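Coordinates in review
Chain by chain, the residues:
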Amino acid sequence: MAEPTEQTPTEQPAGEQPAAPTSKKGAKKAEAKAKKEALKAARAAELAAAAAKVTLEDDPAQDNYGNKKTVSGLFSKDAEDIEIRNLNDGHIGKTVVVRAWIQNSRVQSAKMGFVELRKGGNWNIQGVVMASDEAPVVSRRMVKWITGINLESFIAVEATVKQPLEPVKSCRVSGLELHITKCYVLAPAPAMLGMTMAAASQPIVNFSDEKAATEEPDKAPEVATESNAPSASMLTHLDNIAMHKRAPIQQAIMDIRIQVKRLFRSYLEERGFKEFEPPALIGAASEGGGNVFRLGYFGEEAFLAQSPQFYKQFEIAGGRERVFSISPVFRAENSNTPRHMTEFTGLDLEMEIKDSYQEVLLILEGVLLSIFRGLQEKCAEEIETVRSVYYSEPLLLPEPGKEVRLTFAEAQKLLREEGPAEFANVSDDEDMSTAQEKALGEVVRKKFKTDFYVIDKFPETARPFYAKIDDESKKEGVKVTNAYDFFIRGQEVLSGGQRIHDPVELEERIKAKGVDPKSDGIKEYLAVFQQVGVPPHGGGGFGLDRVVAWFLALPSVHLAAYYPRTPKRLAP
Ligand code: ATP
């Protein structure tokens, strides 16, 4: 049966839509382009609105297209319902039903038009709609209606799969095309999108959370834009979250993120680690009061966990031997940088030590290398998609057996001797600044041909109270710890080390760091070591978001999070 007598085609014709706000640099160019496109879109909308007034009662193809709430019973019984990514040469000549977003459309003539359908990340295919008097009937009005559907509307089509005369270069499924005989809009998009797919697929040039861009001391480097499609700011991306997510680059980043978790879990499970879930709600700001979120809790105060550190150690004390967790971590730091978020996902592990803390270092190094190598092998396509937007050199990894492990003192020496002149006087007992870390990354890459390395034996001053001091160093000038950081491309991704398991030593260190051993959270922590004998142990943790971002050399960690949380942003 025919549906409504008056079909309401969606008004947006083929083509792009206005540019979203851009960075200061690209703003002028994008603004001019946006104006031009807005004019174009308005003109096209007028035309489409005129077309919308046409009643289609007398259209012989009226049952084959239109806006529908459901398509149940509208398609041929023998048509196979299929995802674009599963189409192959075996489908040539067959009738299929495909559900997808309309990504682009083009009118060739009154009798013919093209639409590009997309689904499943960056799987797209060309659809052809051609007027035909023979069954299944496709009218000229139907051609016009389909090519006038607003971009990013969700549609369902019935089509015959054919081989195009020439491969369709613009589509991932280039060797097939869909000759559309039925087309229904299930969810129309508005005529004007807040951000077009072209803009969503461009490098983001401004990561500020402020509406009016302010000077950011630690701003992400601007990315050169090859194409003249408009670029949007991160703010516009987040205000148009669905379009942000629909972009193939974002889909690829999230698939890589999933793979990192999978590789982390499988590497550790194969080595006898057991997963556990630390609490996010805690009763005391035990790891330092400054950067903890406070919230009301039945008339009392509660806090959001800054790390699963104590809980990993409780698991070891509780006899779990080797544990890992994947959990949210909260930091109330007013750090508006491309490296920081107020909430991120922590990938953490803790294990008993038999003879040396190096056992932990080797596991942590092993898990990260297995993640990086696993990504290069399993996510080659996704990595390519990301690189097509944010170009980067592949991550240089050390050959097995040639891993670079420097002590903190060796790293500082290297920086003094081979780094930029401004770091000629860095000292061995002060933590490194971000600029020093980046400079060291370049020296290490040049000298050792790797982007991944470990810096061990951090000075005691740069580590928390639970870090075990290297007994040997107690005799020397600078006290160092059995603790390390791991770096990729000159940026820290992981912190770890041996923890103090002896309660007397632990209490001493707590006091030495100016913390009251009887304070809330600390006394309960210390009590665990006093109540039972806890074996020597160590561990480490890294931010999932940073590993993904720095592996891909993204300009900001915010791009690697599903819903980045920053001091100025809690939505969406
Ligand atoms: P930074 O000095 O860069 O602020 P940090 O020394 O505070 O980091 P740790 O407390 O050692 O970091 O946390 C362990 C890991 O968690 C880091 O190596 C990093 O991968 C990640 N991480 C820490 N803080 C953040 C943050 N604010 N946003 C995203 N990831 C973070």
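The preceding data block contains the structure.
These lines cover the structure that appears in this document, whether it is placed above or below. Computed from a prediction, not measured in an experiment: that's the story for all the values here. (Residues numbered from 1 in each chain as written. Predicted model: local features only at pLDDT ≥ 70, side-chain atom pairs only at ≥ 80, totals over all residues. Heavy atoms only, no water.)

A closer look at the packing of aromatic side chains
Convention followed: Only the six-membered ring of Trp is used, alongside the rings of Phe and Tyr, when aromatic pairs are assigned; centres must lie within 6.5 Å, and planes under 30 degrees apart are stacked while those over 60 apart are edge-to-face, with the rest tilted. Only runs of H or I of at least four residues qualify as helices and only runs of E of at least two qualify as strands under DSSP, and these elements are numbered from the N terminus. Classification of residues uses two cut-offs on accessible area relative to the type maximum, computed with a 1.4 Å probe and protein chains only: under 20% is buried, over 50% is exposed, and between them is partly exposed.
Counting across every chain of the model gives 21 aromatic pairs. Where Tyr-453 meets Phe-487, the ring centres are 5.5 Å apart and the plane angle is 10°; that geometry is what we call stacked. In this pair, Tyr-453 is assigned in strand β15 (residues 452–456) and Phe-487 in strand β16 (residues 483–488), connecting sequence segments 34 residues apart. Here Tyr-453 matches Phe-487 in class, with each residue buried. The interplanar angle of 75° and the centroid separation of 5.2 Å between the aromatic rings of Tyr-525 and Phe-529 together place this pair among those described as edge-to-face. On the criterion of helical spacing, the pair formed by Tyr-525 and Phe-529 is a turn pair, its members being four residues apart in helix α13 (residues 522–531).

Focus: the site of the ligand
The condition is simple: Throughout, the term near means that a residue has one or more heavy atoms lying within 4 Å of the molecule or strand in question. Between N or O atoms, a polar contact is any pair within 3.5 Å; within protein, one atom must be a potential hydrogen donor and the other a potential acceptor, and residues adjacent in sequence are included only when both atoms are from side chains. All accessibility values rest on the Shrake-Rupley procedure with a 1.4 Å probe; residue burial counts only the protein chains present in the view. Polarity classes work like this: nonpolar for Ala, Val, Leu, Ile, Met, Phe, Trp, Tyr, Cys and Pro, charged for Asp, Glu, Lys and Arg, and polar for all others, with Gly in that last group.
In the region of the ligand, 14 residues are neighbours, and His-340, Met-341, Glu-492, Val-493 and Ser-495 sit closest. Here an oxygen atom of the ligand sits 3.0 Å away from a polar atom, N or O, in the main chain of Gly-543. Notes on the ligand: free accessible area 580 Å², of which the protein chains cover 78%. If you list the elements that add at least two residues to the shell around the ligand, you get β17 (491–499) and β18 (537–543). Ranked by residues supplied to the shell around the ligand, first place goes to β17 with four residues. A breakdown of the residues in the shell around the ligand according to their chemical character gives five nonpolar, four polar and five charged.

Side note on unusual backbone geometry
Note the cis peptide between Ala-135 and Pro-136, where omega equals -5°. Omega for the bond connecting Ala-571 with Pro-572 falls within 30 degrees of zero, at -5°, which places this linkage in the cis form. Mapping Pro-572 onto the fold places it in the segment after α14 (544–551). With a phi close to 75°, Glu-152 is a non-glycine residue in the positive phi region. Assessed through its relative accessible area of 5%, Glu-152 is described here as buried. In the Ramachandran plot, Arg-489 falls in the positive-phi region, its phi being about 50° despite a non-glycine side chain.

Brief notes about the sheet that holds strand β11 (residues 300–304)
Rule in force here: If DSSP finds at least two bridges between two strands, the strands pair.
Reading across from one edge, β9-β11-β10 is the order of the three strands in this open sheet, with antiparallel pairing throughout. Two strands bound the open sheet, and with one partner strand each, they are β9 (281–282) and β10 (294–297). Relative to β11, β10 runs antiparallel, the two being bridged by four bridges. Along β11, the bridge assignment pairs Leu-295 with Ala-302.

Some words on the environment of Gly-175
Spelled out, the test is: We call two residues in contact whenever any of their non-hydrogen atoms come within 4.5 Å of each other.
Of note, Gly-175 is situated in strand β7 (residues 173–187). Given a relative accessible area of 34%, Gly-175 falls into the partly exposed group. With twelve residues separating them in the primary sequence, Gly-175 and Gln-163 have C-alpha atoms 6.1 Å apart. Ignoring any residue separated from it by four or fewer positions in sequence, one finds Gly-175 in contact with Lys-162, Gln-163 and Pro-164.

Considering the sheet that holds strand β12 (residues 322–330)
To be explicit about the condition: What counts as an axis is a line fitted to C-alpha atoms, over the stretch in contact for a helix, and the angles between N-to-C directions run from 0 to 180 degrees.
Pairing within the open sheet is mixed, and its eight strands lie in the order β8-β12-β13-β18-β17-β16-β15-β14. Lying at the two open borders of the sheet, with one neighbouring strand each, are β8 (274–275) and β14 (404–407). By the bridge criterion, six bridges tie β16 to β17 in an arrangement that is antiparallel. From the neighbouring strand, Ala-483 faces β17, where its bridge partner is Gly-497. Across the sheet, helix α10 (residues 408–418) lies against β14 and β15, angled at about 95° from β14, the strand it touches most.

With respect to empty space enclosed by the protein
Our working definition: Of the two site types, the cavity is a set of points on a 1 Å grid over the protein atoms alone where a 1.4 Å probe fits but cannot get out, and the pocket is an open set with protein on both sides within 12 Å along at least five of seven lines, each lined by residues with an atom within 4 Å of a point. Grid points are joined across faces, edges and corners, and a volume is the space filled by probe spheres set on the points.
Overall, the coordinates contain three cavities of 30 Å³ or more when judged by the stated rule. Computed from the structure, the second largest cavity encloses a volume of approximately 50 Å³. Around the second largest cavity, the lining residues are Ala-200, Gln-202, Ile-204, His-237, His-244, Ala-247, Ile-249, Gln-250, Val-389, Tyr-390 and Leu-559. Of the residues contributing to the lining of the second largest cavity, the split by class is seven nonpolar, four polar and no charged.

Some points on the pairing of β14
Here β14 shows a buried face lined by Val-404 and Leu-406 and an unburied face lined by Arg-405 and Thr-407. Where β14 meets β15, four bridges bridge the pair, whose relative direction is parallel. Directly across from Thr-407, in β15, lies its bridge partner Asp-456.

Focus on the environment of Gly-497
Looking at the secondary structure, you find Gly-497 in strand β17. Sequence-wise, Gly-497 and Gln-358 are 139 residues apart; in three dimensions their C-alpha atoms are separated by 8.7 Å. In this structure, Gly-497 is in contact with Asn-482, Ala-483, Tyr-484, Gly-538 and Gly-539, ignoring residues within four places of it in sequence.

Describing the packing of α10 against helix α11 (residues 434–448)
Using the following cut-off: Each angle gets one of four labels, with under 35 degrees taken as roughly parallel, over 145 as roughly antiparallel, 65 to 115 as roughly perpendicular, and the rest as oblique.
Two elements in contact, α10 and α11, have axes whose closest approach is 10 Å; the angle formed by their N-to-C orientations is 85°. In terms of axis orientation, α10 runs roughly perpendicular to α11. On α11, the residues that touch Ala-411, Gln-412, Leu-414, Leu-415 and Glu-418 of α10 are Gln-436, Ala-439, Leu-440, Val-443, Val-444, Lys-447 and Phe-448. When the residues that make up the contact of α10 with α11 are grouped by side-chain class, the tally is eight nonpolar, two polar and two charged.

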